[in-house]
Amino acid sequence: MIRKLKEHQFLFEELVKRDFKKKYKRTVLGMFWSMLSPLLNLLVMALVFTQFFGRNSPHYIIYLFSGNIVMSFYKESTKGGMSSLVGNASIFTKINVPKYLFLFSKNVSALINFGLTIIIYFLFVLADHITFHMNFFCLIIPIVCLVVMNIGIGMILSALYVFFRDIEYLYDIFLTLLTYTSAIFYYVDRFDNPNVRRAFLANPVYVYIKYFRTIVIDGNIPSLAYHGLCFFYALLFLGIGCWFYKHYNKRFLYYV
């Protein structure tokens, strides 16, 4: 895969540039929307939920922001990845190129936007009087795992989208459900039943959100078992995604 990426490096770079430019085409603020959009979402959520969930909770804005940026990154990567094959059918039906290049370009664009948002996130951390410490470097672990998982899920969705266009509407419904079950604006610890609290760990997005909060807000490093869970979700979805692409690779041409 790395060898093929090097062989098609020029095409890959052009795809990333195209996706990035296309997203902000004919906008006044351009790439600043990458930073402004999560801030506006955070403002709305803070106004709505602070009075209900975070009135007496320390660092509630950072708690919200942590969930918001991880979920936004996941949504942008996977939704962009879902349409990567169909949207570039005019290219790979004429030229023999690895089809995962189009998916990777979408994820790189989403990662750039996420990086811009992270800058704003750390500014809010400073403003909330949270001290930076060495544990912050551990945030690279959930970010890398999230990128790998997003690629895997993007592979699954893009393959399904070639054969079933209905997946786009079903996935929008699923994202709504996922948002409300990822504890973005409420505290899982307030559930009395321990089985309910453990059930949230079945949601991989929540697992990575909690990792962010544990490092930034609590100042602690999650356990080795928790790290194992992070790697498990990333490798699981990547493995399934690679199987989809390998199994249906030749059939894509007949359905796009």
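Residues numbered from 1 in each chain as written. Predicted model: local features only at pLDDT ≥ 70, side-chain atom pairs only at ≥ 80, totals over all residues. Heavy atoms only, no water.

(A) Inspection of the overall build of the protein chain at higher detail. Along the backbone of the protein chain there are 13 helices and zero strands. Listing every helix and strand of the protein chain by position from the N terminus yields α-α-α-α-α-α-α-α-α-α-α-α-α. Looking at the protein chain as a whole, 46% of its 256 residues qualify as buried. Restricting the contact set of the protein chain to residue pairs at least 6 apart, pairs at least 24 apart contribute 78%. For the protein chain, the accessible area works out to roughly 13900 Å², and carbon and sulfur atoms hold 67% of it. (Helix = DSSP H or I, 4+ residues; strand = E, 2+ residues; numbered from the N terminus. Buried < 20%, exposed > 50% of the residue type's maximum accessible area, 1.4 Å probe, protein only. Contact = heavy atoms within 4.5 Å. Areas by Shrake-Rupley, 256 points an atom, 1.4 Å probe, with all protein chains shown as cover.)

(B) Up close: the packing of helix α7 (residues 100-127) against helix α8 (residues 140-163). Between α7 and α8, whose axes approach to 10 Å, the crossing angle comes to 145 degrees. Of the two elements, α7 crosses α8, and the hand of that crossing is right-handed. Only I143, V147, N150, I151, G154 and M155 of α8 make contact with α7, whose side of the interface consists of Y100, L103, F104, N107, L111 and F114. Here the contact of α7 with α8 is built from residues that sort into nine nonpolar, three polar and no charged. (Axes fitted to C-alpha atoms, helices over the stretch in contact; angles between N-to-C directions. Left-handed = near helix turned anticlockwise from the far one by under 90°. Nonpolar A, V, L, I, M, F, W, Y, C, P; charged D, E, K, R; others polar.)

(C) Examining the environment of I151 more closely. As for its position among the elements, I151 is in helix α8. Look past the residues within four positions of I151 in its chain and what remains in contact with it is L103, F104, N107 and L238.

(D) Fine view of the state of the cysteines. For the structure on display, the rule yields zero disulfides. The thiol of C230 is unpaired, and the distance to the nearest cysteine sulfur, on C145, comes to 5.5 Å. Using a relative accessible area of 0% as the deciding quantity, one classes C230 as buried. (Disulfide = S-S within 2.5 Å.)

(E) The pattern of salt bridges, seen in detail. The final tally for this structure, using the stated rule, is one salt bridge. Between K79 and D172 there is a salt bridge, with the nearest N and O atoms lying 2.8 Å from each other. Placement of the pair is K79 in helix α4 (residues 60-82) and D172 in helix α9 (residues 167-180), with a sequence separation of 93 residues. (Salt bridge = Lys/Arg side-chain N within 4 Å of Asp/Glu carboxyl O.)

(F) Just the packing of α4 against α7, in detail. Interaxial distance between α4 and α7 falls to 8 Å at its minimum, and their mutual angle equals 170 degrees. The angle between α4 and α7 falls in the class roughly antiparallel. For the contact of α4 with α7, a count of residues per class yields 14 nonpolar, eight polar and two charged. (Parallel < 35°, antiparallel > 145°, perpendicular 65-115°, else oblique.)

(G) Examining the side chain of N107 more closely. Structurally, N107 can be placed in helix α7. Among the polar contacts made by the side chain of N107, one reaches the main-chain carbonyl oxygen of L103 at a distance of 2.9 Å. When near neighbours in sequence (up to four residues on either side) are disregarded, N107 contacts S77, V147, N150 and I151. (Polar contact = N/O pair within 3.5 Å; in protein donor to acceptor, adjacent residues only side chain to side chain.)

(H) Structural detail: unusual backbone geometry. Within the chain, H129 stands out as a residue other than glycine whose phi angle is a positive 60 degrees. Along the chain, the position of H129 falls in the loop between α7 and α8. Classification of H129 as exposed rests on a relative accessible area of 72%. A positive phi is found at A183, a non-glycine position, where the angle reads about 50 degrees. Checked against the element boundaries, A183 lands in the loop between α9 and α10 (194-199). Judged by relative accessible area, which is 0%, A183 ranks as buried.

By themselves, these figures tell us nothing about what the structure is for.
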